[in-house]
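As a plain string of letters, each chain reads:
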Amino acid sequence: AQNVPNSDWEKKVTEYFKEKLKENNATNWVPSLNDVPVHYLKPNSLVKFRCMVQDMFDPEFYMGVYETVDPNTNARVLHFGKYRDVAECGPQQEIDLNSSQIVTSERQTFYCVPVPGESAWVKEISFLIVLNPEFYAYISASQARVSPSTSYTPSRHKRSYEEDEDMDLHPSKQKEQHMGNSSGGDIHGCVEPKRLETEASAGHHLISPNCSPPLDLNFPLPGEKGPACLVKVYESWDSFKVNDVLEVYGILSVDPVLSIVNNEERDSSALDPMECMDTAEEQRVHSPPASLVPRIHVILAQKLQHINPLLPACLNEEESKTCEYLNLTSLFVSNFMSELSPVRAELLGFLTHALLGDGLAAEYLILHLISTVYARRDVLPLGKFTVNLSGCPRNSIFTEHIYRIIQQLVPASYRLQMTIENMNHSRFIPHKDYAANRLVSGVLQLASNTSLVVDETQLEQGQLDTTGVHNVTALGNLITWQKVDYDFSYHQMEFPCNINILITSEGRSLLPSDCQVHLQPQIIPPNMEEYMSSLLTAVLPSVLNKFRIYLSLLRLLDYSISDEVTKAVEEDFVEMRKNDPESITADDLHRTLLVARFLSLSAGQTTLSRERWLRAKQLEALRKARLQQQKCVNGNEL
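These notes cover the structure that comes with them. If you're wondering where the values come from, they're calculated on a predicted model, not measured in any experiment. Residue indices begin from 1 for each chain and proceed along its sequence in written order. It should be noted that, the model being predicted, local features are given only for residues of pLDDT at least 70 and side-chain atom pairs only at 80 or more, the latter also being counted only at that level, while totals for whole chains, interfaces and linings use all residues. With hydrogens and water excluded, all non-hydrogen atoms of the structure serve as input to the side-chain values.

1. A short note on the overall build of the chain
Logical step 1: If you tally the helices and strands in the chain, you get 20 helices and 21 strands.
Logical step 2: Within the chain, the fraction of its 638 residues that count as buried is 51%.
Logical step 3: Only heavy atoms matter for contacts: two residues are in contact if any of them lie within 4.5 Å across the pair. Sequence-distant contacts, at least 24 apart, represent 77% of the contacts inside the chain between residues at least 6 apart.
Logical step 4: Reported accessibility uses the Shrake-Rupley method at a 1.4 Å probe radius. Residues are deemed covered only where the shown protein chains occlude them. Carbon and sulfur atoms provide 51% of the accessible area of the chain, an area that totals close to 30,800 Å². In DSSP terms, a helix is any run of H or I states spanning at least four residues, a strand is any run of E spanning at least two, and both are numbered starting from the N terminus. A simple rule labels every residue: compare its accessible area, found with a 1.4 Å probe on the protein chains alone, to the largest value its type can have, and call it buried under 20%, exposed over 50%, or partly exposed in between.

In structure tokens:
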């Protein structure tokens, strides 16, 4: 209203919100669609959403500026259409479609879903993101949830808009209500995740009176819950791509008119094909009811390096230059690195107990959990470290609890049970549905840094059909090349990945791996269920949070090898080849260098030392000796 058309008012809006969000931890006070069901949020208010870009729709045109006219008085009013789905028009006004003032603008629509496999603990404490080093390092279960003004109690009745207006006019009522609500929560001071889920989003399919058949929210993983959103981006949309993890701040649009308009379009049997080129199926998918798939008109959006709420958002140097909290971030990292050694020792002890007393397997599991693809040379992904943990008991209790422990340590994970039925009937590879003009998701459409646990102990004899063969092939390609070939019917398109894959199996896995570690239990608990369950309950929440920070932080550290150490490693490898030319190969050198890399990082060292190189060689020698021993016992099994 304060600016004439074609001025730089849009930049002022973005800059205004950027500055406001830096003040007094303002980001914590913006309600999140990840935590609060959409029907508790006020339409046209500022919200945030942590999400993955599942699909990108075609760009859409809208009226950036339009003019309304009153037929009675001929009075004309200019309106701006940005951040809106429906044009603002009074009861006595009409839009003048022939006005010379109309400006047509363009925006891009992303179909976004909650981060697939996001752990419950991320959801519980994500609202506590405060850039305070002491808070991050020593957060404990006793810290109570601070309820912002947008909090709610799931058991209360939905307020009407009249009550909302009454609250705005009488802030004291709102204060009293929040004082009454702030005491609710679980042992962590958080409302249970199940109670935070919107009632509408109970699964993949939603029944809506406005659309039939049921609306498929297109979540990559089965059983996922949470809102899907149409995120409308107005600038720099070329910087985002499918599978990026974003945090967006924008205007919530849930106008009921959207559903009415879309219904009328679908119900109209005499659509002029020249006026509407979209098929009915495409309209249904691209314009779902706003009550089920709300719209967010983005003011600010940023790619996330990670989704661990215990870490500062900006950690690498390039992003930290523009980060308001650079000093606090550096202080946080240095403070945590100073106590890294005892945290590693505690984590190693914890995982050793989880792996039935096998310290060597626990060492390799730590290295696996901090591994990441740090570069690509041609088609080869560098840094991937898929571990095959063989020798697992043919007992779903053990592998299930190993996954539960990993789930408590990493921000996003998924357990893929490799049964014949799952292989033959699951949809692993995303494919393009040209009728609906959308990308149909698959199990392997995951965000970067997701931990994928493939449980091969569930595999029994049976026949893989064509789908099963394609799924196994896709898993193999993901492990070997860290890519998934999406199916576009007439061609395939490569999507690079960065997924941590742990394979649990009895013997050697049918799938490829970078490193096989054979489990040698030192403890045979009489009651496996009781033993595994007691491990997590025995760990203090503050210690568990340190484990979570440790694993996420070390994946983001830079690493290098000096020329001097490189020369020493080369000479050492030549000597190893002389002593044992048949069993020492180039693959052994590559794997030992990887082990040395992650071993150094696990100790907080960003360069390779002679000591760590020797320790890596020692670990590899122990691992190989164990495999050889097992081979001698079981013949040609391994």
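2. Observations concerning the pattern of salt bridges
Logical step 1: Salt bridges, as used here, are contacts in which a Lys or Arg side-chain nitrogen is within 4 Å of a carboxyl oxygen on Asp or Glu. A complete count under the given rule lists 29 salt bridges for this structure.
Logical step 2: Of the charged contacts in the structure, one is a salt bridge between Arg344 and Glu363, with a shortest N-O distance of 2.9 Å. Remark: Glu363 occurs in helix α12 (residues 359-369) and Arg344 occurs in helix α11 (residues 340-354); sequence separation between them is 19 residues. The burial state of Arg344 is the same as that of Glu363; both residues are buried.
Logical step 3: Through salt bridges with shared partners, a single ionic network connects Asp588, Arg591, Glu620, Arg623 and Lys624.

3. As for unusual backbone geometry
Logical step 1: One non-glycine residue with positive phi stands out, namely Asn74, at about 65°.
Logical step 2: In this structure Asn74 comes out as exposed when scored by relative accessible area, which is 53%.
Logical step 3: Of note in the backbone geometry, Asp378 takes a positive phi value of approximately 55° without being a glycine.

4. Things to note about the packing of aromatic side chains
What characterises a pair of aromatic rings is the spacing of the ring centres plus the angle enclosed by the ring planes.
Logical step 1: Pairing of aromatic side chains here covers Phe, Tyr and the six-membered ring of Trp, requires ring centres within 6.5 Å, and sorts the geometry by plane angle: under 30 degrees stacked, over 60 edge-to-face, intermediate tilted. For the structure on display, the rule yields nine aromatic pairs.
Logical step 2: Seen in terms of ring centroids, Tyr16 and Phe17 are 5.4 Å apart; in terms of plane orientation they differ by 90°. Their pairing is edge-to-face.
Logical step 3: Seen in terms of ring centroids, Tyr434 and Tyr490 are 5.7 Å apart; in terms of plane orientation they differ by 50°. Their pairing is tilted. Here Tyr434 is found in the loop between β15 (431-433) and β16 (438-440), whereas its partner Tyr490 is found in the loop between β18 (483-487) and β19 (492-496), with 56 residues between them in sequence.
Logical step 4: Since its relative accessible area comes to 41%, Tyr434 is described here as partly exposed.
Logical step 5: Members of the aromatic cluster, joined through ring pairs, are Tyr62, Tyr83 and Tyr234.
Logical step 6: We call a charge positioned over a ring when the NZ of a Lys or the CZ of an Arg lies within 6 Å of the ring centre and within 35 degrees of the ring normal. Lying across the ring of Tyr62, Arg107 places its NZ or CZ 4.4 Å from the centre.

5. A short note on the packing of α12 against helix α19 (residues 586-602)
Logical step 1: Note on method: axes are straight lines fitted to C-alpha atoms, helices fitted across the in-contact stretch only, with angles between N-to-C directions ranging 0 to 180 degrees. At a minimum axis distance of 9 Å, the contact between α12 and α19 shows a crossing angle of 85°. On the basis of the axis angle, α12 is roughly perpendicular to α19. Of the residues in α19, those in contact with Glu363, Tyr364, Ile366 and Leu367 of α12 are Val595, Phe598, Leu599 and Ser602.
Logical step 2: The classification used treats Ala, Val, Leu, Ile, Met, Phe, Trp, Tyr, Cys and Pro as nonpolar, Asp, Glu, Lys and Arg as charged, and all other residues, Gly among them, as polar. Of the residues that constitute the contact of α12 with α19, the class distribution is six nonpolar, one polar and one charged. An angle below 35 degrees is read as roughly parallel, one above 145 as roughly antiparallel, one from 65 to 115 as roughly perpendicular, and any other as oblique.

6. Considering the pairing of strand β21 (residues 515-518)
Logical step 1: Here β21 shows two buried faces, one formed by Cys515 and Val517 and the other by Gln516 and His518.
Logical step 2: In short, DSSP must find at least two bridges between two strands for them to pair. Relative to β21, strand β13 (residues 387-390) is paired through four bridges, and the arrangement is parallel. Bridging across to β21, Val387 finds its partner in Cys515.

7. Topic: the sheet that holds β13
Logical step 1: Strand order in the open sheet made by the five strands is β14-β17-β20-β13-β21, with parallel pairing throughout. Two strands in the sheet have a free side with no partner beyond their single neighbour: β14 (413-417) and β21. Averaged over neighbouring strand pairs, the angle between their axes works out to 20° when direction is ignored.
Logical step 2: Sheet topology note: the β14/strand β17 (residues 451-455) ladder contains five bridges and is parallel. Its bridge partner being in β17, Tyr414 is matched across the sheet by Leu452.
Logical step 3: α12 contacts β13, β17, β20 (500-504) and β21 of the sheet and is inclined by roughly 150° relative to β20.

8. Some thoughts on the side chain of Thr450
Logical step 1: You can see Thr450 is positioned in the loop between β16 and β17.
Logical step 2: If sequence neighbours within four positions are ignored, Thr450 has contacts with Ala412, Ser413, Asn498, Ile499 and Asn500.

9. Topic: a nonpolar patch on the surface
Logical step 1: Each patch is built from residues lacking any salt bridge and having more than 30% relative accessible area; the joining distance is 9 Å for like charges and 5 Å for nonpolar side chains (Val, Leu, Ile, Met, Phe, Trp, Tyr). A surface patch of nonpolar side chains, about 270 Å² in accessible area, is lined by Val379, Leu380 and Trp481.
Logical step 2: Mapped onto the secondary structure, Val379 falls in the loop between β11 (375-377) and β12 (380-382).

10. Quick word on the environment of Phe240
Logical step 1: With respect to the element layout, Phe240 can be found in the loop between β8 (229-233) and β9 (245-253).
Logical step 2: Using a relative accessible area of 11% as the deciding quantity, one classes Phe240 as buried.
Logical step 3: Each C-alpha atom, one on Phe240 and one on Met56, is 9.7 Å from the other, the two residues being 184 residues apart in sequence.
Logical step 4: Among residues more than four places away in sequence, those in contact with Phe240 are Met56, Phe110, Val233, Leu246, Ala301 and Lys303.

11. Re the environment of Trp481
Logical step 1: Looking at the secondary structure, you find Trp481 in helix α15 (residues 466-481).
Logical step 2: The class for Trp481 is partly exposed, based on a relative accessible area of 33%.
Logical step 3: Once the C-alpha coordinates of Trp481 and Pro381 are considered, the two residues, 100 residues apart in sequence, prove to be 6.2 Å apart.
Logical step 4: Ignoring any residue separated from it by four or fewer positions in sequence, one finds Trp481 in contact with Arg376, Val379 and Pro381.

12. Remarks on the environment of Ser552
Logical step 1: Along the chain, Ser552 falls in helix α17 (residues 541-555).
Logical step 2: Ser552 sits 245 residues away from Ile307 along the chain, and the two C-alpha atoms are 9.1 Å apart.
Logical step 3: When residues no more than four places from it in sequence are discounted, the contact partners of Ser552 are Asn308, Leu311 and Pro411.

13. With respect to the pairing of β9
Logical step 1: The element β9 is extensively covered by neighbouring structure, given that nine of its nine residues are classed as buried.
Logical step 2: Bridging between strand β1 (residues 46-56) and β9 involves seven bridges; their strand directions are antiparallel. What sits directly across from Lys48, in β9, is Tyr249.
Logical step 3: The pairing of β9 with strand β10 (residues 295-303) spans eight bridges and is antiparallel. Note that in β10 the partner of Ile251 across the bridge is His297.

14. Considerations on α12
Logical step 1: Taking burial as the measure, the 11 residues of α12 include 10 buried ones, the bulk of the element.
Logical step 2: Along α12, the residues classified as buried are Leu360, Ala361, Ala362, Glu363, Tyr364, Leu365, Ile366, Leu367, His368 and Leu369.
Logical step 3: What qualifies as a polar contact is a pair of N or O atoms within 3.5 Å, subject to a donor-acceptor requirement within protein and to the restriction that residues adjacent in sequence count only when both atoms come from side chains. At the N-terminal boundary of α12, the capping side chain belongs to Asp358, with an oxygen 3.2 Å from the backbone nitrogen of Leu360.

15. A closer look at the packing of α11 against helix α13 (residues 396-409)
Logical step 1: Interaxial distance between α11 and α13 falls to 11 Å at its minimum, and their mutual angle equals 160°. As judged from the angle between their axes, α11 and α13 are roughly antiparallel. Like other packed secondary-structure pairs, α11 and α13 cross with a definite hand, here right-handed. Only Phe398, Ile402, Ile405 and Leu409 of α13 make contact with α11, whose side of the interface consists of Leu347, Phe350, Leu351 and Ala354. By the definition used in this description, the sense in which the near helix is turned from the far one sets the handedness, with an anticlockwise turn below a right angle giving left-handed and a clockwise turn giving right-handed.

Just distances and angles here, no functional claims.
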